[in-house]
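Below are the chains, spelled out letter by letter.
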Amino acid sequence: MKSLILYAILVILTYIGCNTADPKPLPKLGQTSIENGDTLYHTVGQFTLLNQDSIEVVNSDLSGYIYVSDFFFLNCPTICPIVMKQMLKLYQKYEGNPTVKFVSHTLDPKRDTPSALKQYANNLDINHSKWLFLTGDRDHIYDIKDDYFIAAMEDSEVPGGITHSGQIILVDKKGHVRSFAEGTDPIKVEHLMEDIDQLLKEYESK
Amino acid sequence: MKANKVNTIFLILAILTYFSCNEAKYMQGKRTYDMVCATCHMQNGSGVKNLYPSLKPINTSITSSELACIIRYGVNKESSLIKMPPNPALETVDITNIVNYIVVDMNRSKEEFTLDQIEAMLENCKEATVEQ
């Protein structure tokens, strides 16, 4: 009898052990809706923006890539440099992976023109086709940020004039938001790195 | 047995010396640095590429008096993409502590500065700023 219980425990443990080798896929974040019996997941809405080379970028330019995204602005004296350092860390890790892109949006399009963003990107010493710096119509950018669950608003009381959240967002090949991390927290960014690896594996096994 | 005890004492002494060496000499400077400078130049002084210059190691062409002036008045060159804001709230004593923290603790310089020396440096850059 006793040995039977032992065997039962062994089987259960083995089962659990097997399962951890194949982790649950990352969730598709945001609200879902049901249409004609199909579940529709939240996706990043249609956007038309300009990159650092003044070339138009739309959603389809990013389909087929997973991308790491954030919102910032050049004259941001508070959290942006810290978040940018973490973005750079992620960039350096996935620089050689053709499936991964990086997309930084400015929240200050008036001052952050494509040429200013180009100069900024040059100073970061990055590949311009791999890391896009996007600007465009102010209202359009502030609409898009909602799709990435970013909070931002203009506030003349705060240093730099814009208050915003510093999350780094992971988007999959179909525009679903799959994970995010507080960009000022290096440990949370490490976890995001694990999620990026997991998402890449998800596509590899397909 | 006795030799063992002596050994232990020396070991503890060595460990203590090691830790005291590693601690910043200019703790007050470090505190102010962490509050005022670290957001851009990073807590460890590494900066971010060419955007926010590294302070550890610091560009050797920057003199200590330039450093003091930059901390107080910022950098507002036409050519620089990101302008460093001035820090009018910092007293001369704060600036002295930050300069010493950067040059002595971060860059292992033997030279450290007194309050009077930094005061004199700041007098000079005040004139330079007015001239512009």
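Criteria and cut-off values
- Residues numbered from 1 in each chain as written.
- Chains lettered and ligands numbered in written order.
- Predicted model: local features only at pLDDT ≥ 70, side-chain atom pairs only at ≥ 80, totals over all residues.
- Heavy atoms only, no water.
- Helix = DSSP H or I, 4+ residues; strand = E, 2+ residues; numbered from the N terminus.
- Buried < 20%, exposed > 50% of the residue type's maximum accessible area, 1.4 Å probe, protein only.
- Polar contact = N/O pair within 3.5 Å; in protein donor to acceptor, adjacent residues only side chain to side chain.
- Contact = heavy atoms within 4.5 Å.
- Axes fitted to C-alpha atoms, helices over the stretch in contact; angles between N-to-C directions.
- Parallel < 35°, antiparallel > 145°, perpendicular 65-115°, else oblique.
- Nonpolar A, V, L, I, M, F, W, Y, C, P; charged D, E, K, R; others polar.
- Disulfide = S-S within 2.5 Å.
- Salt bridge = Lys/Arg side-chain N within 4 Å of Asp/Glu carboxyl O.

**Q** Could you clarify how one ought to interpret unusual backbone geometry in this entry?
**A** A cis amide bond, omega 0 degrees, links Lys56(B) with the succeeding residue Pro57(B). Here the phi dihedral of Ser54(A) falls at roughly 60 degrees; this positive angle occurs in a residue that is not glycine. Relative to the helices and strands, Ser54(A) is located in the loop between strand S3 (48-50) and strand S4 (56-58). When its relative accessible area of 46% is taken as the criterion, Ser54(A) is described as partly exposed. With phi around 65 degrees, Asp125(A) is a residue other than glycine that occupies positive phi space. On the secondary structure map, Asp125(A) appears in the loop between helix H3 (114-124) and strand S7 (131-134). Take Asp125(A): its relative accessible area is 56%, and that puts it in the exposed class.

**Q** Where do I start with the side chain of His128(A) in this structure?
**A** All names here are of chain A. When you line up the elements, His 128 lands in the loop between H3 and S7. Engagement of the side chain of His 128 in a polar contact is seen with the side chain of Gln 52, the distance being 3.2 Å. Within the structure, His 128 has its side chain in polar contact with the side chain of Asn 122 (distance 2.9 Å). Discounting residues that sit within four places of it in the chain, His 128 has contacts with Gln 52, Asp 53, Lys 118, Ala 121 and Asn 122.

**Q** Honestly, the packing of helix H2 (residues 27-36) of chain B against helix H5 (residues 92-106) of chain B in this entry has me stumped. Any pointers?
**A** Packed helices, taken two at a time, are described by the angle their axes make and the gap between the axes. Residue and element names in this part refer to chain B. Packing of H2 against H5 brings their axes to within 8 Å, and their N-to-C directions diverge by 100 degrees. Compared by their axis directions, H2 and H5 come out roughly perpendicular. Contacts from Gln 28, Gly 29, Lys 30, Thr 32 and Tyr 33 of H2 reach H5 at Asp 94, Asn 97, Ile 98, Tyr 101, Ile 102 and Met 106. Tallied by class, the residues present in the contact of H2 with H5 amount to five nonpolar, four polar and two charged.

**Q** How do you make sense of the state of the cysteines when you look at a structure like this?
**A** Joining two cysteines, a disulfide is a covalent bond between their sulfur atoms. Summed over all chains, the structure comprises two disulfides over all chains. Counting only cysteine sulfurs, Cys40(B) is the nearest neighbor of Cys37(B), a cysteine outside any disulfide, at a range of 9.2 Å. The class of Cys37(B) is buried, set by a relative accessible area of 12%. In this structure Cys40(B) is not part of a disulfide, and its nearest cysteine sulfur, from Cys76(A), lies 8.0 Å away.

**Q** What am I meant to see in the pattern of salt bridges here?
**A** All names here are of chain A. Under the definition given, this model contains twelve salt bridges over all chains. The shortest N-O distance in the salt bridge between Arg 178 and Asp 172 comes to 2.8 Å. Note that Asp 185 is salt-bridged to Lys 188, the shortest N-O span being 3.7 Å. Of the residues examined, Lys 188 reaches a relative accessible area of 46% and is grouped as partly exposed.

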